[in-house]
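Listed below are the residues making up each chain.
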Amino acid sequence: MIPEEIKQEIRAIVGPDHVLDSELNRFGYSYDASFVPLLPANKPDLVVRPLTTDEVSRIMVVACEHEIPVTPRGAASGRTGGSIPLKGGISLALDRMTRIIELDLRNMMVTAEAGVRTIDLYNHCAEKGLFFPPDPASWKFSTIGGNVAENSGGMRAVKYGVTKNYVMGLEVVLADGAILRTGGKAIKNVTGYDLTSLFTGSEGTLGVVTRALFRLIPMPKRRGTLQVMFRTLDDGCRTIHTVLQSGVVPAAAEIMDRTCLEVVSRHRKTELDPEVGACIIIEIDGDDDAALETQTKRIGEAAKACGAVAFRAARSEQEAEEIWAVRRGLSSAVAALAPNRIGEDISVPRDAFPEVVRRIAEISEKQGLPIAVYGHAGDGNLHPSILCDLSKPGEMERVHQAVDDIFAAALSVGGTLSGEHGIGITKRPYIASALGDIGVRTLKAIKAALDPKGILNPGKIW
Ligand SMILES: Cc1cc2nc3c(=O)[nH]c(=O)nc-3n(C[C@H](O)[C@H](O)[C@H](O)COP(=O)(O)OP(=O)(O)OC[C@H]3O[C@@H](n4cnc5c(N)ncnc54)[C@H](O)[C@@H]3O)c2cc1C
């Protein structure tokens, strides 16, 4: 518990309205969008909502002096428990830091505070014809601080990369309250270690990101949406390879299996062709209609050669919206299939995608648990969803075994435990098998150097 005089010190920094310690508020900050169970032990002692970098810095000075754990928090949309305060202390909510400081049109860069919602940053830049590509499906509520901390990706990663590909510089408050500024607007910058990259993806364990500088690119003038149906996932994966090898890089290429398609058609009360076993939704973009036509033609040829059973190009924005609505609604539609859904996030080399999907089907059969598979096939990032009922005896053990086997399958083909959701709490047990002892030792050495008292987001990653 944090003594009253320290609470008073913190209230004096941010104002009494922005320090919450009622039972209800503490409960509200004890969970996120992961499947980590609600536990009374995960409640913070205090929720603190600073407005400025200076306030964050002064809070960290107090926390450091008294060795109070601090867990940074954006929108708590994380899928791996990253913003859950495992050791009590302060839940540091950055949601009041919502200023977009500067849109620099000449350098095509934007600077914003950590609490800005991803979609707000996107819209702000889009109004000036500039494109901020990282687009996690959670972008309507996730914050850019959370995106940087998780190095989030999205559907357009296949062509445009992930958050780290756009971070040019950061303002970070360190564990002792010092304010570090990394990077800058110079495109080339090899002065010292690449600290910007170090903090990107560090899950709130090395510092509190208070501001980020992102590079932007010109907004593509035209976008098109294609939907292709296949008998098997293999045919869908082969199509994506063929398309990429033909020199066409789609902005997004999302794949879903038969289980997902059944869910969607049940949800929308439509008939699903019994022949169809997989679907890919592709977004293409370019500067004019001719560019879209060329890409549509090449993708159509590749799909036909790989055995597509149906090919549809959206003719209007409304049709495109309808097609994408299927993909966007998938996560919740799949979740509604069973009392519990354990969603995973593995990433594998693109050519191993079909092999891993086959292995997941075997794991599903072996454990007697349905597993729906969908994901970003264009970049090898899959989201297997284990559908289960954790109240059944022995179900938890079967789920754990299935998760272990899925991770083992990903690692065995040179893949990773996490494509975009981070390690947080849920993937801690697997970090050593993914990185090896020397890898984990190196992470720990960096952590010890930057946060010797271990107060920043303790209990995460390992
Ligand atoms: C429906 C849904 C869809 C999703 N789709 C995607 C997707 O397509 N791609 C994807 O990558 N992720 C996705 N996610 C996961 C999640 O939205 C992302 O990880 C997102 O970046 C988290 O942002 P947040 O603001 O909610 O961060 P939080 O969940 O609050 O925090 C996440 C982690 O970042 C740390 N953190 C937060 N803010 C800061 C800060 N300012 N400084 C330092 N550390 C900080 C926290 O301590 C925690 O460890 C999805 C989640 C949901 C619920």
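Predicted model, so just to flag it, every value in this text is computed and none were measured.

### Focus on the site of the ligand
Here comes step 1: Taken together, 33 residues surround the ligand, and among them Pro72, Ser77, Ser138, Thr143 and Ser152 come closest.
Here comes step 2: Between the ligand and Gly78 there is a distance of 2.8 Å, counted from an oxygen atom to a backbone nitrogen or oxygen.
Here comes step 3: Between the ligand and Ala137, the relevant distance is 2.9 Å, taken from an oxygen atom to a main-chain nitrogen or oxygen of the residue.
Here comes step 4: In isolation the ligand exposes 970 Å². Once the protein is present, 94% of that is buried.
Here comes step 5: Of all the secondary-structure elements, those providing two or more residues to the shell around the ligand are strand S3 (70–73), helix H5 (144–150) and strand S10 (208–215).
Here comes step 6: The greatest single-element share of the shell around the ligand, amounting to 5 residues, is contributed by H5.
Here comes step 7: Mapped onto the domain boundaries, the shell around the ligand takes at least three residues apiece from domain 1 (4–93) and domain 2 (100–218).

### Here we look at the sheet that holds strand S9 (residues 179–183)
Here comes step 1: Spatial ordering of the open sheet is given by S5-S6-S10-S8-S9, a layout of 5 strands whose pairing is antiparallel. Edge positions in the sheet fall to strand S5 (100–104) and S9, since each of these pairs with one other strand and no more. Geometrically, the sheet is characterised by an average inter-axis angle of 10 degrees between neighbouring strands, direction not taken into account.
Here comes step 2: Pairing of S5 with strand S6 (residues 109–113), which is carried by 4 bridges, proceeds in the antiparallel orientation. The residue bridging Leu103 from the neighbouring strand is Val110, located in S6.

### Digging into the packing of aromatic side chains
Two numbers describe a pair of aromatic rings. These are the distance of the centres and the angle of the planes.
Here comes step 1: For the structure shown, the criterion picks out 6 aromatic pairs.
Here comes step 2: Measuring from ring centre to ring centre gives 4.9 Å for Tyr122 and Trp139, while their planes differ by 65 degrees; the resulting arrangement is edge-to-face. Residue Tyr122 is located in helix H4 (residues 118–126), and its partner Trp139 is located in the loop between strand S7 (130–131) and H5; the two are separated by 17 residues in the primary sequence. Residue Tyr122 shares its accessibility class with Trp139, and that shared class is buried.
Here comes step 3: Put simply, the rings of Tyr122, Phe131, Trp139 and Tyr160 pair up and form one aromatic cluster.

### A few points about the domain arrangement of the protein chain
Here comes step 1: If you check the domain split of the protein chain, you get domain 1 (4–93), domain 2 (100–218), domain 3 (222–331) and domain 4 (338–433).
Here comes step 2: Summarising the inter-unit geometry, the C-alpha centres of domain 2 and domain 3 are found 30 Å apart.
Here comes step 3: With 8 residues of domain 2 at the contact, the number on the domain 3 side is 12 residues.
Here comes step 4: Roughly 780 Å² is buried in total at the junction of domain 2 and domain 3, and carbon and sulfur atoms are behind 52% of that figure.
Here comes step 5: Of all residues in domain 2, Met155, Val158 and Lys159 give up the largest surface area on contact with domain 3, accounting jointly for 68% of the area buried on that side.
Here comes step 6: Between the two partners, domain 2 and domain 3, sit 2 salt bridges.
Here comes step 7: The salt bridge involving Arg156 is made with Glu283; its shortest N-O contact spans 2.9 Å.
Here comes step 8: Seen at the junction of domain 2 and domain 3, the total is 3 residue pairs in polar contact (both at pLDDT 80 or more).
Here comes step 9: Here the residues of the side of domain 2 that touches domain 3 sort into 6 nonpolar, no polar and 2 charged.

### Observations concerning the sheet that holds strand S2 (residues 46–48)
Here comes step 1: The mixed open sheet is built from 4 strands, whose spatial order is S1-S2-S4-S3. Edge positions in the sheet fall to strand S1 (19–20) and S3, since each of these pairs with one other strand and no more.
Here comes step 2: With 3 bridges connecting them, S2 and strand S4 (residues 90–93) associate as parallel partners. Considered in S4, the bridge of Leu46 is made with Ile90.
Here comes step 3: Relative to S2, helix H1 (residues 4–14) is tilted by about 15 degrees, and along the sheet it contacts S1, S2 and S4.
Here comes step 4: Across the sheet, helix H3 (residues 53–66) touches S2, S3 and S4, and the angle it forms with S4 is around 170 degrees.

Calculation criteria
Residues numbered from 1 in each chain as written. Predicted model: local features only at pLDDT ≥ 70, side-chain atom pairs only at ≥ 80, totals over all residues. Heavy atoms only, no water. Near = heavy atom within 4 Å. Polar contact = N/O pair within 3.5 Å; in protein donor to acceptor, adjacent residues only side chain to side chain. Areas by Shrake-Rupley, 256 points an atom, 1.4 Å probe, with all protein chains shown as cover. Helix = DSSP H or I, 4+ residues; strand = E, 2+ residues; numbered from the N terminus. Domains from an automatic or database assignment. Pairing = 2+ DSSP bridges. Axes fitted to C-alpha atoms, helices over the stretch in contact; angles between N-to-C directions. Phe/Tyr/Trp six-rings, centres within 6.5 Å; stacked < 30°, edge-to-face > 60°. Buried < 20%, exposed > 50% of the residue type's maximum accessible area, 1.4 Å probe, protein only. Contact = heavy atoms within 4.5 Å. Buried area = accessible area lost by both parts, 1.4 Å probe. Salt bridge = Lys/Arg side-chain N within 4 Å of Asp/Glu carboxyl O. Nonpolar A, V, L, I, M, F, W, Y, C, P; charged D, E, K, R; others polar.

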